[in-house]
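Structural overview for review
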Amino acid sequence: MKIIVTGGAGFIGSHTVVDLLENGYEPIVIDDFRNSKPFIIERIKKITNKDFVSYNFDCGDIKKLSSVFLKEKPDAIIHFAADKAVNESVSNPLKYYHNNISTLVNVLSVVNKSKVKSFVFSSSCTVYGVPKKVPVSEFSPIQQAFSPYGFTKQIGEQILSDFAKSNPGVSISLLRYFNPIGAHPSGLIGELPLGVPSNLVPFITQTAIGIRESLIVHGNDYDTTDGTCIRDYIHVLDLARAHVLAFSNYLKKNNKPLILNIGTGKGSSVLEVIESFKKVNKTNLNYTFGPRRDGDAPCVYANSSLAKKVLGWEHKFSLEDALSHAWEWEKQLSIL
Ligand code: WQD
């Protein structure tokens, strides 16, 4: 079975390509390496000892994408290609509306003329805004997004709901990620933040290895157990598995997309992540407390029981596993 994976050299994309190869699928990667590096492709081949086809271009290029669809005749597509830095989306919204929305529309226009039977989309827990109640389920209210990035995910979900209605032959799955962290246990692939990381775990590992002076904890005066924000940190391997199950197991029902939360169902505070990182990796970490970061929700974590019911999916890796794998990856990166 041939699966197009746009953004397949990215953080979640590369781990999903590994899972696809290890389970006998034929992934076809399309990536322009704006948020990743070509060496990741070779690393995927090294981990799996399998070869696969990859193309280096912007998947929003309709002409090039159409010729790949014509040549490869894919059965499914997993669309990862998008920008995902919340703070960058605030300072550069047009980049996000272009890359996350018009690219999606271009990809769908090619899918529309193909024999693709299944489309999986990277959505995000940011569609819930600042939830009034936790854990959040797929039926929790969708609120005003607090960044252009979050808004592009809400618009993307709407586009795909409308596409599903007019394309009954294509099963659409929208996976709402919580906080993806970790790396492949081999240390050969992982998160590659270009520039200063905005996400917590890569900032922690870069501080621990000495690239960053110190971690600033954004606010410790929230109404939570220790005053710092709570999130649902999910291992990237568990997230990858959810994609493979989503496209392969989902049978279409009433022309509506399948919407699933993909999280562990457990909330961890920033301080708990810091202490776990120090403990599991037996290392110290410089950090100080700073002011709150705009747009941060005090507490978000998932109710992912629907993913278990519909796909038989549940997370296998712990927070400690993810922090240990992320540290191994950072150490391997530093000797590159
Ligand atoms: C987590 C917590 C920060 C950095 C984002 C996207 C979301 C999803 C996951 C894709 C917050 C605190 C962080 C630092 C800190 N991506 N923090 N110091 O904002 O929950 O979610 O990534 O689907 O869509 O919005 O993740 O890792 O940036 O922050 O104290 O240097 O860590 O304030 O409380 P976030 P994050």
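The structure this text deals with has already been given above.
Report on the accompanying structure. Counting restarts for each chain: residues are numbered from 1 in the order of the written sequence. Only residues with pLDDT of at least 70 get local features here, since the model is predicted, and only at 80 or more are side-chain atom pairs given and counted; chain-wide, interface and lining totals rely on the full set of residues. Side-chain metrics rest on all non-hydrogen atoms present in the structure, leaving aside hydrogens and water.

1. Describing the side chain of glutamate 330
What counts is decided by this rule: Strands here mean DSSP runs of E at least two residues long; helices mean DSSP runs of H or I at least four residues long; both are numbered from the N terminus. Classification of residues uses two cut-offs on accessible area relative to the type maximum, computed with a 1.4 Å probe and protein chains only: under 20% is buried, over 50% is exposed, and between them is partly exposed. Counting rule for charge: Lys and Arg are taken as positive, Asp and Glu as negative, and neither His nor the chain ends is counted. The salt bridge definition used is simple: a Lys or Arg side-chain nitrogen within 4 Å of an Asp or Glu carboxyl oxygen.
With respect to the helices and strands, the residue glutamate 330 is situated in helix α11 (residues 319-334). Arginine 212 provides the closest opposite charge to the buried, salt-bridge-free glutamate 330, at an N-O distance of 8.3 Å.

2. Comments concerning the site of the ligand
The condition that has to hold: For this description, a residue counts as near a given molecule or strand if any of its non-hydrogen atoms is within 4 Å of it. Pairs of N or O atoms are called polar contacts if they sit within 3.5 Å, as long as, within protein, a hydrogen donor faces a hydrogen acceptor (for residues adjacent in sequence, only side-chain-to-side-chain pairs).
As a structural note, the neighbourhood of the ligand is formed by 21 residues, with Ser124, Leu200, Ile216, Arg231 and Asp296 the closest of them. Asparagine 199 is positioned such that a nitrogen or oxygen atom in its side chain is 3.0 Å from an oxygen atom of the ligand. A distance of 2.9 Å is found between an oxygen atom of the ligand and a backbone nitrogen or oxygen belonging to histidine 218. Broken down by secondary-structure element, the contributors of at least two residues to the shell around the ligand are α7 (200-209) and β8 (215-218). Of the residues forming the shell around the ligand, the biggest block, four residues, is contributed by β8.

3. Structural notes on the packing of α7 against α11
How two helices pack is summed up by the angle between their axes together with the distance between the axes. Heads up, the condition is: Interaxial angle, 0 to 180 degrees, is taken between N-to-C directions of lines fitted to C-alpha atoms, where a helix line uses only the stretch in contact. Comment on the angle field: the value is read as roughly parallel under 35 degrees, roughly antiparallel over 145, roughly perpendicular from 65 to 115, and oblique elsewhere. Handedness of a crossing is defined here by the sense of rotation of the near helix relative to the far one, left-handed for an anticlockwise turn of less than a right angle and right-handed for a clockwise turn. Any pair of residues with heavy atoms lying within 4.5 Å of one another is described as a contacting pair. Here the term charged refers only to Asp, Glu, Lys and Arg, the term nonpolar to Ala, Val, Leu, Ile, Met, Phe, Trp, Tyr, Cys and Pro, and the term polar to all other amino acids, Gly among them.
Between α7 and α11, whose axes approach to 10 Å, the crossing angle comes to 55°. Classified by the angle their axes make, α7 and α11 are oblique. In this structure, α7 meets α11 at a crossing whose hand is right-handed. Together, Val201, Pro202, Thr205, Gln206, Ala208 and Ile209 of α7 and Leu323, Ala326, Trp327, Glu330, Lys331 and Ser334 of α11 make up the contact between the two elements. Here the contact of α7 with α11 is composed, by residue class, of seven nonpolar, three polar and two charged.

4. Focus: the environment of tyrosine 301
Tracing the sequence through the fold places tyrosine 301 in the loop between β13 (287-290) and α10 (305-311). Residue class for tyrosine 301 comes out partly exposed when judged on its relative accessible area of 22%. Considered as a pair, tyrosine 301 and glycine 267 are 34 residues apart in the sequence and their alpha carbons are 5.4 Å apart. Once residues lying within four places of it in the same chain are set aside, the contact partners of tyrosine 301 are Val134, Pro135, Val136, Phe178, Ile230, Asp232, Gly265, Lys266 and Gly267.

5. Some details on helix α3 (residues 62-72)
Heads up, the condition is: Taken from the helix axis, the directions to the C-beta atoms give the arc we talk about.
Those residues of α3 lying buried are Leu65, Val68, Phe69 and Glu72. For α3, the arc enclosing every buried residue in end-on projection is 100°, short of the 170-degree limit, so these residues lie on one face. Exposed residues lying more than 90 degrees from the buried face of α3 are Lys63, Leu70 and Lys71. Check the buried side of α3 and you find it contacts β1 (2-6), β2 (26-30), β3 (53-55), β4 (76-79) and α5 (93-112). With a side-chain oxygen lying 3.1 Å from the backbone nitrogen of lysine 63, the N-terminal cap of α3 falls on aspartate 61. Directly after α3, the chain includes lysine 73, whose backbone phi takes a positive value near 45°.

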